[in-house]
Amino acid sequence: MKICSKWIWITAWILLFPESLLGPGLEWWKQLLMESVYVLMEPEAMWERSKEETQSEISAYVDTLGGNDQTGNDGVQVAGDIIPYEKDNMAGIKGDEKETLGEENSEERISTEGIGETKEEEILCYSSEQLADPGYLLDNIFCVDSSTTSEGIDWDSNEFLEKDFTMEKASEPQILIYHTHSQEAYADSVEGESATTVQGVGEELARILREDYGYQVIHNTSTFDVQGGELDRNRAYTYAQNWLSEFLENNPGIQVIIDLHRDSVGEDNHLVTEIDGRKTAQVMLFNGLSRNTRGSIESLENPYLTDNLAFSFQLKVAGDTKYPDFYRRIYLKGYRYNLHFRPRSLLLEVGAQNNTWQEAANAMIPMAELLDQVLQGKVSG
């Protein structure tokens, strides 16, 4: 028993000790131990990957374990396989967000009555110097998760603002709303009543876009995270991807895809603001970079990565101008999250588990307004 205990302590010490201070032998042993941990968590996926992909992805996963991973927001699709669902450890950054993220731009922001008609008026909430500084963007507008790297991406805000996302309204469906995690609920959601969960919030967004802005919207309420009557979020992205591939092939007119979620935060962190006298849940735009800490993940190619980032950026700029406390920072994580099907793809985190359903539903009013502004070219350069 003493020998077993001794080896446990040695193993733990090796895993936690910085690699830069380990000798070659111990560094090799640490890598072997990390690989073993990964195999135990996802054995089926492990054997299907090449050695090179495996080493790269093990490093990314271990980085999230040892680097205080702060989102892990969803089961992650990697080359058709899934890393276990880790939604609740998003609370790592969200619980402290009032202190670290909520102060962004508080001094520089200039409030306006609305989105202006010229580019200069539209971006008054940020100075030209701030927008030209990649460091400022990554520290104040985006938030980079420890599982990924921002290197290799051109953080050019002018390019983001000049992307043309205008879309003429048509008689055929152009906007798709769905939920990879359909069972995510709010503080007052009623068990068994999907209308009181993220599905109901998605229907509210669809209704506003149809009735107030004249868009043709499909809202899919398939339960990708429920299989065989059991909750299974580990492979929800794979099930959603399979459905998306077929659906988009049969509906080529879809230009906007929105995957609507609900976040998880520390209980003392209430993600709420007030807009037009209504308590409104705050929204976080979320992007996958298809990168781990070592660089690009080739098996997760996203031809629309820059477009996805620009789409989120234009929404963020529009929101920060008119509703300064509505959007949180755009969260950047390492994988792809099925955002590779269209240039105008969004993953939204609407409020958290301690918001009421009505607060989340209220958030769809400014969300629809800001989305319309981007789609009608009122924000792009």
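In case you missed it, the structure is sitting above this.
As the structure is a computational prediction, the values presented were derived from the model and not from experiment.

(A) Here's a closer look at unusual backbone geometry. Phi is positive for Asp-276, which is not a glycine, with a value near 55 degrees. If you trace the backbone, Asp-276 turns up in the loop between strand E9 (272–275) and strand E10 (278–281). Asp-276 sits in the exposed class, given a relative accessible area of 60%. We note that Tyr-337 has phi near 60 degrees; this positive angle belongs to a residue other than glycine. With respect to the helices and strands, Tyr-337 occurs in the loop between strand E14 (330–333) and strand E15 (344–352). Tyr-337 gets classed as buried once you look at its relative accessible area, which sits at 3%.

(B) Representation of the nonpolar core in the model. Core analysis: the biggest nonpolar cluster contains 61 residues, and Phe-142, Ile-175 and Val-350 have the highest contact counts within it. Residue contributions to this core peak at 8 residues, all from helix H13 (residues 305–322). With residues up to four places along the chain from it excluded, the contact list for Phe-142 reads Leu-137, Trp-155, Phe-160, Leu-309, Phe-313, Arg-329, Ile-330 and Leu-332. Counting 11 residues, the second largest nonpolar core, distinct from the first, contains Cys-143, Met-284, Tyr-337 and Leu-347.

(C) Structural context of H13. Compared with an ideal rise of 1.5 Å per residue, which puts 18 residues at 26 Å, H13 spans 26 Å between its outermost C-alpha atoms and is within 8% of the ideal. Most of H13 is tucked away, with 16 of its 18 residues classed as buried.

(D) Looking closely at the pairing of strand E8 (residues 256–263). Judged by how many residues are buried, E8 sits mostly within the fold: 8 of 8 residues are covered. On E8, burial covers both faces: Val-256, Ile-258, Leu-260 and Arg-262 on one face and Ile-257, Asp-259, His-261 and Asp-263 on the other are all buried. Two strands pair when backbone bridges link them, and strand E4 (residues 175–178) and E8 are joined in this way by 4 bridges, in the parallel orientation. Note that in E8 the partner of Ile-177 across the bridge is Ile-258. As defined by bridge partners, E8 adjoins E15 across 7 bridges and the pair is classed as parallel. Its bridge partner being in E15, His-261 is matched across the sheet by Glu-349.

(E) Fine view of helix H12 (residues 236–250). For H12, spanning 15 residues, the distance from its first C-alpha to its last is 21 Å, which sits close to the expected 21 Å at 1.5 Å a residue. Listing the buried residues of H12 in full gives Ala-236, Tyr-237, Thr-238, Ala-240, Gln-241, Leu-244, Phe-247 and Leu-248.

(F) Main features of the side chain of Asp-263. Position of Asp-263 among the secondary structure elements: in strand E8. Overall, the relative accessible area of 0% leaves Asp-263 in the buried class. Among the polar contacts listed, one links the side chain of Asp-263 to the side chain of Arg-328, at a separation of 3.1 Å.

(G) Local environment of the packing of helix H11 (residues 198–213) against helix H15 (residues 364–375). Relative orientation of the contacting elements H11 and H15 amounts to 50 degrees, with a least axis distance of 9 Å. Here H15 runs oblique to H11, going by the angle between their axes. The handedness of the crossing between H11 and H15 comes out as right-handed. Contact residues: Val-201, Glu-204, Leu-205, Ile-208, Leu-209 and Tyr-213 in H11; Met-364, Ile-365, Met-367, Ala-368, Glu-369, Leu-371 and Asp-372 in H15. A class-by-class count of the residues in the contact of H11 with H15 yields 10 nonpolar, no polar and 3 charged.

(H) A look at the sheet that holds E8. Within the open sheet, the 7 strands sit side by side as E3-E14-E11-E15-E8-E4-E5. Their pairing is mixed. Sheet topology places strand E3 (142–144) and strand E5 (217–219) at the edges, where each strand pairs with a single neighbour. The mean inter-strand angle of the sheet, taken between neighbouring strand axes irrespective of direction, is 25 degrees. The strands touched by H13 within the sheet are E3, E8, strand E11 (283–288), E14 and E15, with E11 carrying the most contacts at an inclination of about 165 degrees. Along the sheet, H15 contacts E4, E8 and E15; its crossing angle with E15, the most-contacted strand, is approximately 160 degrees.

(I) Focus on the packing of aromatic side chains. Scanning the entire structure with this criterion turns up 15 aromatic pairs. On the numbers, 6.5 Å between centres and 75 degrees between planes, the contact of Tyr-126 with Tyr-136 is edge-to-face. Remark: Tyr-136 occurs in helix H9 (residues 134–141) and Tyr-126 occurs in the loop between helix H7 (119–122) and helix H8 (128–131); sequence separation between them is 10 residues. Each member of the pair, Tyr-126 as well as Tyr-136, is classed as buried. Judged by centre distance (5.6 Å) and plane angle (75 degrees), the ring pair of Tyr-237 and Tyr-337 falls under edge-to-face.

(J) Seen up close, the pattern of salt bridges. Scanning all chains against the criterion turns up 10 salt bridges. A salt bridge links Arg-278 to Asp-276; its shortest N-O distance comes to 3.8 Å. With a shortest N-O distance of 3.1 Å, Lys-316 and Asp-320 are connected by a salt bridge. Taken as a pair, Lys-316 and Asp-320 lie in helix H13 at a separation of 4 residues, close to a single helical turn. Several salt bridges converge on common partners, so that one network encompasses Glu-204, Arg-207 and Glu-211.

Cut-off values and rules
- Residues numbered from 1 in each chain as written.
- Predicted model: local features only at pLDDT ≥ 70, side-chain atom pairs only at ≥ 80, totals over all residues.
- Heavy atoms only, no water.
- Helix = DSSP H or I, 4+ residues; strand = E, 2+ residues; numbered from the N terminus.
- Buried < 20%, exposed > 50% of the residue type's maximum accessible area, 1.4 Å probe, protein only.
- Core = buried A, V, L, I, M, F, W, Y, C linked by side-chain atoms within 4.5 Å.
- Contact = heavy atoms within 4.5 Å.
- Expected span 1.5 Å × (residues − 1).
- Pairing = 2+ DSSP bridges.
- Polar contact = N/O pair within 3.5 Å; in protein donor to acceptor, adjacent residues only side chain to side chain.
- Axes fitted to C-alpha atoms, helices over the stretch in contact; angles between N-to-C directions.
- Parallel < 35°, antiparallel > 145°, perpendicular 65-115°, else oblique.
- Left-handed = near helix turned anticlockwise from the far one by under 90°.
- Nonpolar A, V, L, I, M, F, W, Y, C, P; charged D, E, K, R; others polar.
- Phe/Tyr/Trp six-rings, centres within 6.5 Å; stacked < 30°, edge-to-face > 60°.
- Salt bridge = Lys/Arg side-chain N within 4 Å of Asp/Glu carboxyl O.

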